[in-house]
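In case you want the letters, here they are:
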Amino acid sequence: MAAPAPGGPGAAASAALDELSRNLTYGALGAGNGSLSGAWYRRNQIHLFGVLLAILGNLVISISLNIQKYSHLQLAHQEHPRPYFKSVLWWGGIILMAVGETGNFAAYGFAPITLIAPLGCMSVTGSAIISVMFLKENLRASDLLGMTLAFAGTYLLVNFAPNITQDISARTVQYYFVGWQFMTYGILEILIFCILLYFHKRKGIKHIAILLTLVALLASLTVISVKAVSGMITFSVTDKMQLTYPIFYIMCIIMIASCVFQVKLLNQATKLYSTATVVPVNHTFFTISAIIAGIIFYQEFLGAAFLTIFIYLFGCFLSFLGVVLVTRNREKEHLPQSYIDFGHVPGKQMLDKIQPDSNGLSYGTLPDGSDSTKSPSGEKKEV
């Protein structure tokens, strides 16, 4: 077979394949594989650094969310509350949020998507622990069980995630980007996204599954682009400059655009449904979408044993279940009263509850001094 002509398209493809063969390795099954042994540590040091960054980033995000929540509670108890964006405490939470997200971003440059994405459960469980310690919220039996399952799932994820190691260069990203696997996946994702968006926008269907599936489809592009950008920055620092390639800026645009539309759709979901419903469903959909993206685009399970994949998926299931248990019914403990109820005030007996007047300038309407209320027809009813 003749060698490809120098400088032709065949030479470029051959060079990309040669680079992939040098950068892409998968730990062979052996005594240390699937066990936290010395050999496992030596083989996965760079992955463990990424895991540490992701866990610390998610814990910092948990702290920031609770700081923001605490600042809102403080402002709510003030007689003349200031806008929340004028609170120093709230801005401290925002800064910590940025630090945590930076840690998550950097983690994708050191470890596979299939290892980093499921670690988002640490943010949910960490937030539950911090809220119990500092916001004096109740610690329920379901919280303890959920945290235990999430930690067990995280252990299995870290231990049995793919051992794949690859340096993400611009040439590697270009090779994956134009591969038939991603092209097929991208076409299917665009079709599904357009169909769901049609039902959401044109038919007015606001079901949580549709909204969060749209978020998850965008999230798959986000994690692909985040890993590409983070990986190319890491490669530029450790080896050769990659930031001069057009693919770097293409991935930056995809990352920013997909994040913006994700936030917009997620805000719609949180307006229509409680946080206790949105958080576990979004975590599950996001993680599944990220895993599929890592498998298809970066081929992260290439060469993995069936038992390793099974235990990894079981770890994902445990983390999903843990998040559901931690968030279940949590908001119901803090639901505010939606009306002023005089029925339980001693000495008062009211037939109607005082509801806010949506057409008036004031919040609600109090009865006048004649101990009577108006019926919907306008007639007064004596109490």
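Here the structure is a predicted model, which is why all the values come from computation and not from measurement.

Take the overall build of the protein chain next. Within the protein chain one finds 13 helices and two strands. Going through the 383 residues of the protein chain one by one, you find that 41% of them count as buried. Residue pairs in contact within the protein chain that sit at least 24 positions apart in sequence constitute 75% of those at least 6 positions apart.

In the contact formed by helix 9 (residues 180-201) and helix 12 (residues 275-297), the axes pass within 9 Å of each other and the chain directions differ by 145°. Each of Gln 181, Phe 182 and Tyr 185 in helix 9 lies in contact with helix 12, whose residues at this interface are Ser 289, Ile 292, Ala 293, Ile 296 and Phe 297. For the contact of helix 9 with helix 12, the per-class residue count stands at six nonpolar, two polar and no charged.

Our next topic: the pattern of salt bridges. Applying the stated rule across the entire model yields one salt bridge. Linking Asp 143 and Arg 140 is a salt bridge whose minimum nitrogen-to-oxygen distance equals 2.8 Å.

A word on a nonpolar patch on the surface. Residues Ile 129, Met 133, Phe 134 and Phe 151 make up a contiguous nonpolar surface patch of roughly 410 Å² in combined accessible area. If you tally residues by element for the nonpolar patch, the top one is helix 6 (residues 121-134), at three residues. Residue position: Met 133 is located in helix 6.

With that out of the way, let us pick up the layout of surface pockets. As a volume, the largest pocket reaches approximately 2200 Å³. Lining of the largest pocket is provided by 47 residues; of these, Ile 61, Leu 65, Ser 123, Leu 266 and Val 279 occupy positions nearest its centre. In terms of residue class, the lining of the largest pocket is made up of 23 nonpolar, 19 polar and five charged.

What follows is about unusual backbone geometry. Positioned with a positive phi, Gln 299 is a non-glycine residue whose angle comes to about 50°. Inspection of the secondary structure assignment puts Gln 299 in the loop between helix 12 and helix 13 (306-327).

On inspection of all chains with the given rule, the structure shows 13 aromatic pairs. Arranged with centres 5.4 Å apart and planes meeting at 35°, the rings of Phe 177 and Phe 182 form a pair that is tilted. Phe 182 sits in the buried class, given a relative accessible area of 10%.

Over its 31 residues, helix 10 (residues 208-238) extends 43 Å from the first C-alpha to the last, a length consistent with the 45 Å expected when each residue adds 1.5 Å. Counting buried residues along helix 10, 25 of its 31 residues qualify, which places the element largely inside the surrounding structure.

Here we come to the environment of Leu 265. Relative to the helices and strands, Leu 265 is located in helix 11 (residues 246-272). Leu 265 sits in the buried class, given a relative accessible area of 8%. Leu 265 sits 53 residues away from Leu 212 along the chain, and the two C-alpha atoms are 7.6 Å apart. When neighbours within four sequence positions are excluded, Leu 265 is seen to be in contact with Leu 211, Leu 214, Val 215 and Leu 218.

Membership of the largest hydrophobic core comes to 46 residues, with the highest contact counts inside it found for Met 232, Met 251, Tyr 298 and Tyr 312. Ignoring anything within four residues of it in the chain, the contact list for Tyr 312 reads Thr 114, Leu 115, Pro 118, Leu 157, Phe 160, Ala 161, Ile 291 and Phe 301. Counting twelve residues, the second-largest nonpolar core is a separate cluster that includes Ile 208, Ile 210, Leu 265 and Val 278.

Our focus in this paragraph is the confidence of the model for the protein chain. Scored by pLDDT, the protein chain comes out at a mean of 78, with 74% of its residues at no less than 70. Between residues 19-35, whose pLDDT stays under 50, and residues either more than four places distant or in other chains, the model counts 43 contacts. Taken as a whole, residues 333-378 scores under 50 in pLDDT and shows 50 contacts with residues more than four places along the chain or in a different chain.

We now examine the side chain of Thr 327. Looking at the element boundaries, Thr 327 is found in helix 13. Note on Thr 327: relative accessible area 10%, which makes it buried. In this structure the side chain of Thr 327 is engaged in a polar contact, spanning 2.8 Å, whose partner is the backbone oxygen of Val 323. A distance of 3.4 Å separates the side chain of Thr 327 from the backbone oxygen of Val 324, its partner in a polar contact. Setting aside residues no more than four positions away along its own chain, Thr 327 makes contact with Val 124, Ala 276, Val 279 and Pro 280.

Moving on: helix 11. Taking 1.5 Å of rise per residue, 27 residues should cover 39 Å, and helix 11 covers 40 Å from first to last C-alpha, within 8% of that figure. Along helix 11, the residues that are buried comprise Ile 247, Phe 248, Met 251, Cys 252, Met 255, Ser 258, Gln 262, Leu 265 and Ala 269. On its buried face, helix 11 is in contact with helix 4 (88-107), helix 8 (170-177), helix 10 and helix 12.

Turning our eyes to something else, we now look at the state of the cysteines. With the rule as written, the count across this model stands at zero disulfides. Among the cysteines around Cys 316, which has no disulfide bond, Cys 121 carries the closest sulfur, lying 9.1 Å off. A relative accessible area of 3% means that Cys 316 is categorised as buried.

Considering the arrangement of structural elements, one finds Met 232 in helix 10. In sequence terms Met 232 and Leu 243 are eleven residues apart; their C-alpha atoms lie 7.1 Å from each other. Not counting residues up to four positions away in its chain, the partners in contact with Met 232 are Ile 168, Ser 169, Ala 170, Val 173, Gln 242, Leu 243, Ile 247, Phe 248 and Met 251.

What counts, and where the lines are drawn
- Residues numbered from 1 in each chain as written.
- Predicted model: local features only at pLDDT ≥ 70, side-chain atom pairs only at ≥ 80, totals over all residues.
- Heavy atoms only, no water.
- Helix = DSSP H or I, 4+ residues; strand = E, 2+ residues; numbered from the N terminus.
- Buried < 20%, exposed > 50% of the residue type's maximum accessible area, 1.4 Å probe, protein only.
- Contact = heavy atoms within 4.5 Å.
- Axes fitted to C-alpha atoms, helices over the stretch in contact; angles between N-to-C directions.
- Nonpolar A, V, L, I, M, F, W, Y, C, P; charged D, E, K, R; others polar.
- Salt bridge = Lys/Arg side-chain N within 4 Å of Asp/Glu carboxyl O.
- Patch = residues over 30% accessible without salt bridge, like charges linked within 9 Å, V, L, I, M, F, W, Y side chains within 5 Å.
- Areas by Shrake-Rupley, 256 points an atom, 1.4 Å probe, with all protein chains shown as cover.
- 1 Å grid on protein atoms, 1.4 Å probe; cavity = no way out; pocket = protein on both sides within 12 Å on 5 of 7 lines; lining within 4 Å.
- Points joined across faces, edges and corners; volume = space filled by probe spheres on them.
- Phe/Tyr/Trp six-rings, centres within 6.5 Å; stacked < 30°, edge-to-face > 60°.
- Expected span 1.5 Å × (residues − 1).
- Core = buried A, V, L, I, M, F, W, Y, C linked by side-chain atoms within 4.5 Å.
- pLDDT = per-residue confidence, 0-100.
- Polar contact = N/O pair within 3.5 Å; in protein donor to acceptor, adjacent residues only side chain to side chain.
- Disulfide = S-S within 2.5 Å.

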